[in-house]
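Here's the letter readout for the chains.
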Amino acid sequence: MPPHAAVPVEVLRPSQSLPPGGVTLPTVTGHLDALDGMRAIAAFAVLAFHVAIESAAGLRDHFFSALLARGDVAVPVFFVLSGLLLYRPYAQATLRGSPPPDTRLYLIKRCLRILPAYWIVVVVAMLLWADEHLGDLKTWVELLLLVQNYEPDPWWYGLGPRGLAQMWSLCVEMAFYLVLPLLAAALAAYARRAGDDVGGRARRLLIGLAGLASISLLWAIFTYYPVYRPNLNMWLPRSMVYFACGMAIAVVLAWAREDPDEDGPARRFIRAANASAGSFLAVAALAYAVAASPLTGTRFTGVDSVWADIAELLLYATIAVGLVAPAALLTSPTEGVARVVERFLSSRVMRYFGRISYGVFLWQFVVLYLWYEFTEQQPWSGNFVGNLIAITAITVLLADLTYRYVEEPARGLVRFFTKRPERSAQTPAGTAAR
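Structural notes, computed from the coordinates. None of these values were measured; they are calculated from a predicted model. (Residues numbered from 1 in each chain as written. Predicted model: local features only at pLDDT ≥ 70, side-chain atom pairs only at ≥ 80, totals over all residues. Heavy atoms only, no water.)

1. Notes on the side chain of Glu-407
- In this structure, Glu-407 sits in helix H15 (residues 384-412).
- Once you skip the residues sitting within four places of it in the chain, Glu-407 turns out to touch Arg-113, Ala-117, Arg-355, Tyr-358, Gly-359, Ala-399 and Thr-402. (Helix = DSSP H or I, 4+ residues; strand = E, 2+ residues; numbered from the N terminus. Contact = heavy atoms within 4.5 Å.)

2. A closer look at the environment of Ala-93
- Here Ala-93 is to be found in helix H3 (residues 74-96).
- Those residues in contact with Ala-93, other than ones at most four positions away along the chain, are Ser-98, Pro-99 and Pro-100.

3. Here's the deal with the packing of aromatic side chains
- If you walk through the whole model with that rule in mind, you get 16 aromatic pairs.
- On the numbers, 5.3 Å between centres and 75° between planes, the contact of Tyr-150 with Trp-235 is edge-to-face. Taken together, the positions of Tyr-150 in the loop between helix H5 (137-144) and helix H6 (168-192) and Trp-235 in the loop between helix H7 (198-224) and helix H8 (236-258) put the pair 85 residues apart, joining distant regions of the chain.
- On the basis of relative accessibility, which here comes to 34%, the residue Tyr-150 falls in the partly exposed class.
- Note on Trp-235: relative accessible area 27%, which makes it partly exposed. (Phe/Tyr/Trp six-rings, centres within 6.5 Å; stacked < 30°, edge-to-face > 60°. Buried < 20%, exposed > 50% of the residue type's maximum accessible area, 1.4 Å probe, protein only.)

4. What to know about unusual backbone geometry
- Each neighbour pair has its own omega, and for Tyr-225 with Pro-226 the value is 5°, a cis peptide bond.
- The residue Pro-226 is located in the loop between H7 and H8 in this model.
- The backbone of Ala-56 shows a phi angle near 80°, a positive value even though the residue is not glycine.
- Residue class for Ala-56 comes out buried when judged on its relative accessible area of 7%.

Printed below as a string of structure tokens:
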């Protein structure tokens, strides 16, 4: 899991013009601090989820335990963020009628952003817990290229080798990175059939994304019939609904920017979202409570039904959108819930944790297992709070070092792959869900 990495990206920044209602609108470039804070929340939610399972706090028969057990909803949050931030330049280009981003440069940036730090963690985990497989070339190729989800007969138990189980979601992210230019091209071709009308193009993009989201529901049925194949849950189609939701938010933002009508549908929606941030969060909280109920099936044991799986998909998508949309659509709130959300997510502490969130995601299982070995604890032996504090502190330290000495230097290497200045409005310097 979704989980997943982040850096400054092309997002929103308040413009200088005020549309009706006094709400500022997003511009094409800039960095939205609130999304750093949301990324931080998702990263630490994943960490808490894993500690809750290892300590058994998330496996007990009471409602608080059930809430902890649904902390994996942070992965869809990462996926929504990736869909939003990476697709936005494509949506902008489609509505504007300009060329799409440079695919070669986009893929280079994604690889430099994700792979170097990931490779270090893979090597560490393999050296610590997979001595007998160090000479297995196939294993190294699968892990280093992030294709282990597609191994039909893995030697490891569960989602991945010891210390690397969360990387399944990174495999899903990588698959999305690779297909995004193709998806964007297909959506653009469909949107252009509406002519030069910005609203018509935007509506077609949203219709196309609704079709894309439906793939997840069809995939859920395919996973269960004629027999249940749990490995298919780790393939991109299962999570496409989350990416599509993020891409839809990107379309709304681009539509608001490009629509000459100052009272157009997209601008009205953004104003409404700013005025109803509390409602978004309330819906997300309610959906989370429902997801923690038996409606989405039993926790970690057995196989339920395709209906429980579909319920989880819909509820998790609702939660992720309910959390990400208010942060993405913030425009310059001066009061109310939106102001509280903006100040919290954009605070210096939350921005810092957002910057190192990818490292938090990468290192958490390595730290968790080393901590349990060092303290000679057995799995499911309790002490959730104490273990969470210790594991979080060590993970943050490693994440900080990784950000400073691996992630940032690796991102700087992009200058060796381009000989011309980047076009800020069309190059997706986006963020992953990590």
